Structure formats: C-alpha cells, structure tokens
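Chains, contacts and geometry: an overview
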Amino acid sequence: MDKISGQKSAVQYLYPPIDPFDQRMMEMPGGHTIYVEQCGNPDGIPVIVFHGGPGGGCSPAMRRYFDPEVYRVVLFDQRGCGRSRPHASVINNTTWDLVADVERIREVLGIDQFVVFGGSWGATLALIYAETHPDRVRHLVLRGVFLMMQRELDWFYGGGAGQFWPETWDAFARLVPEDERGDMIGAYHRRLFSGDMPLETRFAKAWSGWENALASVYSNGRSGEAPGEYARAFARLENHYFVHGGFLESDGWILENVDRISHIPGVIVQGRYDMICPPKSAYDLAQLWPNADLRMVRNAGHALSEPGISAELVRVMDEIAQR
C-alpha cells in the first residue's frame, strides 16, 4: 500500500540523484521477468529495497536514501509492475513467489547477507522474507508498517479512514452499487478483473486515487489522476493480494512468527498520522520484537516522501553505516 506523493518536499534530506551501474531483466519461474538494478558502491554494504503496493514499482527517488559511497543498493520491480513483465499479471503472483524472487536475486548477485529496506507493503514483504530467511538479513529498516491483517483492510476499505475523509470516501464508494459496499475490496475486484479494459482502467484509477489522496498528512483529499497503465497494475495487484489475505496461512501470521527475527536489529519509522497504515500495527510489532527501535514521526502521514519520514530514514541508514 504505497504511492509516492509530494516528492519535492523531501528532496532536501536525500542524497543527490545517481544512476545505476547495473540494470538487468531476470527471468523467474512462472513466466515472469523481473527488472533489477544496482547503484552506489559495488563493494559496499548490500541493501535491498522492497517497494510498496503490491504493484507500486521502484523509482529513482528510492536510490537517494543511501550514502552511495557506503551502500550497494539493489532495487527491483516486483512481479507484474514497473518494468517487470508481464504487466499487471496476477498469474503465478503470490507473496511466496516474491520471497523466492528475492532469494534468486540475492544468489545471482552473490550477496550473502543484506540490509532490508521496505515501506508499506514493502515492510510486509520485508518481514515475511526475514521470517522465512532470517539468516540472510543483517538489519531491517521499515516504514509505515502494514501487517497484512483483516483489521487493517477493514480500516482502509471498510469506512474507517472514510470517517476522516468522508467526501473522498464517497467518491471512491459511489462507483459501486450500494448493496455491494459492504465488501469494497470484492466489489472492486469484480470490476478490476472484468476483462473490459476501459472498465478496469476506470476502477483502477479510482482505487489508486483513494489511496494516494490519503498518503500525505498535508493532503487536501484530492490526488492527481495516475496514468492508466500504472493505475491498472497497482490496483489489480494490490486488490489480488488483499482478496487472498496476502497468501498467508493466518490473519496474524507476521506477528505470530516474530520470534524468528528476534535476533535481528531493526528500526521502524512510522508517521503518527498515517491514515493508510495506522500506527497500531507498528506499535504491536515493536512490542513483540525485542530488537526493534520504533520511531514515531509527528506531523507525518504514510508517504515515503513526507519530510519527517525521509529525514528519519536517511538518518537511520547513516547510523547503520557508521556502525
């Protein structure tokens, strides 16, 4: 669950723009080809960036949270989004496929252990990967924690966030008949996978717009319309994962397995006024994870580009580098 908003406001905290020293398309099982890039220091501390969504894709701005002289930064577009192909495809596209993809990337690039950096759905995937392969993770840096729990989906798609943004929620909800509004994820699912491209694109833009409108604490409740191709991948993949409960065995799977990462140091950067992923999930995670350092950022919402969020994330990565 992530869409960058208001990026210019955070630029002052970031490292200068850099270009990748390596870009490649990596074939994965199940008919997918994944875009992977590396930038920074080829001999530096490896860090793999997990983008949000699912379906958000990585962006050049994500390279700038790391000192390029210290870190070897790996970014990749998860299955079905960004430059990965096939575009917007949900076939052979599950959480466990993504975990296997990360392992494949790590092995091909010859990385033994790495720092995991992920926000929103990227934090979800980071935690699932770490709990599955704890020996491969040297540090976890998470932002805007999403635990892939029903209570979180009920908050954002069941009217909870809509209590704060009733006019924005109404624009999102009124696209479906009133008798279907008790299950907005299911109602949108039927349209996003209807096979009618104009209909899918219309509902994809509405799905993406609802989330993007609430990403920043400075939001006025409106968002620019995302390009149809981006919105369709973002909405279809996100909805697909939510319909299937993230493909996890139980609703609280991440919290139930926190003991697997108890030895791994981690920092959680959380916006106090995050409307998309409320702070309770970050707090609950930190309570069960003895090596977690929870940093609540006041006057910040969900977006990676919130000034306070960006400043704290850069600070965290600099602290890890100094150690």
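Residues numbered from 1 in each chain as written. Predicted model: local features only at pLDDT ≥ 70, side-chain atom pairs only at ≥ 80, totals over all residues. Heavy atoms only, no water.

1. Regarding the nonpolar core
- Counting 76 residues, the largest nonpolar core has Leu140, Leu142 and Trp207 as the members making the most contacts within it.
- Sort the elements by how many residues they give to this core and helix H2 (residues 121-132) lands first, with eight residues.
- In this view, Trp207 contacts Tyr157, Phe172, Ile185, Tyr188, Leu192, Phe234, Ala235, Glu238, Asn239 and Phe242; residues no more than four positions away in its chain are not counted.
- Listed in part, the 27 residues of the second largest apolar core include Leu14, Tyr35, Ile45 and Ile320. (Core = buried A, V, L, I, M, F, W, Y, C linked by side-chain atoms within 4.5 Å. Buried < 20%, exposed > 50% of the residue type's maximum accessible area, 1.4 Å probe, protein only. Helix = DSSP H or I, 4+ residues; strand = E, 2+ residues; numbered from the N terminus. Contact = heavy atoms within 4.5 Å.)

2. Structural notes on the sheet that holds strand S3 (residues 45-50)
- Here eight strands make up an open sheet; going across it, the order is S1-S2-S4-S3-S5-S6-S7-S8 and the pairing mixed. Of all strands in the sheet, those with a lone pairing partner are strand S1 (22-28) and strand S8 (292-297), marking the two edges. The mean inter-strand angle of the sheet, taken between neighbouring strand axes irrespective of direction, is 20°.
- The pairing of strand S5 (residues 114-119) with strand S6 (residues 137-143) spans six bridges and is classified as parallel. Note that in S6 the partner of Val115 across the bridge is His139.
- Against the sheet, helix H1 (residues 95-108) touches S1, strand S2 (32-40), S3, strand S4 (71-76) and S5, its axis set at about 130° to S1. (Pairing = 2+ DSSP bridges. Axes fitted to C-alpha atoms, helices over the stretch in contact; angles between N-to-C directions.)

3. Some points on the confidence of the model for the chain
- Taken as a whole, the chain shows an average pLDDT of 95; of its residues, 97% reach a score of 70 or greater.
- Predicted confidence is poor over residues 3-7, with pLDDT under 50, and the contacts of this stretch with residues over four places away or in other chains come to 16 contacts. (pLDDT = per-residue confidence, 0-100.)

4. Focus: the environment of Met275
- On the secondary structure map, Met275 appears in the loop between strand S7 (266-271) and helix H9 (280-288).
- Accessibility expressed as a relative area gives 17% for Met275, which makes it buried.
- Separated by 14 residues in sequence, Met275 and Ile261 have C-alpha atoms that sit 27 Å apart.
- If sequence neighbours within four positions are ignored, Met275 has contacts with Trp155, Phe156, Ala161, Phe164, Trp165 and Leu214.

5. Concerning the packing of helix H4 (residues 166-173) against helix H6 (residues 197-213)
- Between H4 and H6, the least distance of the axes is 9 Å, while the angle of their chain directions is 165°. Between H4 and H6, the interaxial angle falls into the category roughly antiparallel. Considering only the axes of H4 and H6, their crossing is left-handed. Taken together, the residues of H6 that come into contact with H4 (itself represented by Thr168, Trp169 and Phe172) are Ala206, Trp207, Trp210 and Ala213.
- For the contact of H4 with H6, the class distribution of residues is six nonpolar, one polar and no charged. (Parallel < 35°, antiparallel > 145°, perpendicular 65-115°, else oblique. Left-handed = near helix turned anticlockwise from the far one by under 90°. Nonpolar A, V, L, I, M, F, W, Y, C, P; charged D, E, K, R; others polar.)

6. What to know about the packing of aromatic side chains
- Summed over all chains, the structure comprises 24 aromatic pairs.
- Measuring from centroid to centroid gives 5.9 Å for Tyr157 and Phe242, while their planes differ by 55°, and the two rings are tilted. With a gap of 85 residues between them, Tyr157 in helix H3 (residues 150-157) and Phe242 in helix H7 (residues 228-243) connect regions that are remote in the sequence. One exposure class covers both Tyr157 and Phe242, and it is buried.
- Counting every residue linked through ring pairs, the aromatic cluster contains Phe146, Phe156, Tyr157, Trp169, Phe172, Tyr188, Phe203, Trp207, Trp210 and Phe242.
- Cation over ring: Arg83 sits above Tyr35, and NZ or CZ is 3.8 Å from the ring centre. (Phe/Tyr/Trp six-rings, centres within 6.5 Å; stacked < 30°, edge-to-face > 60°. Lys NZ or Arg CZ within 6 Å of the ring centre and 35° of its normal.)

7. Remarks on H2
- Taking 1.5 Å per residue, twelve residues should reach 16 Å; H2 reaches 16 Å between its end C-alpha atoms and fits that length.
- Among all positions in H2, only Trp121, Gly122, Ala123, Thr124, Leu125, Ala126, Leu127, Ile128, Tyr129, Ala130 and Glu131 are buried. (Expected span 1.5 Å × (residues − 1).)

8. Some points on the pairing of S1
- The pairing of S1 with S2 spans seven bridges and is classified as antiparallel. Across the sheet, the residue bridging to Met28 is His32, located in S2.
- Between S1 and S2, which pair antiparallel and follow one another directly, the connecting turn spans three residues, one of which, Gly30, has a positive phi of 85°.

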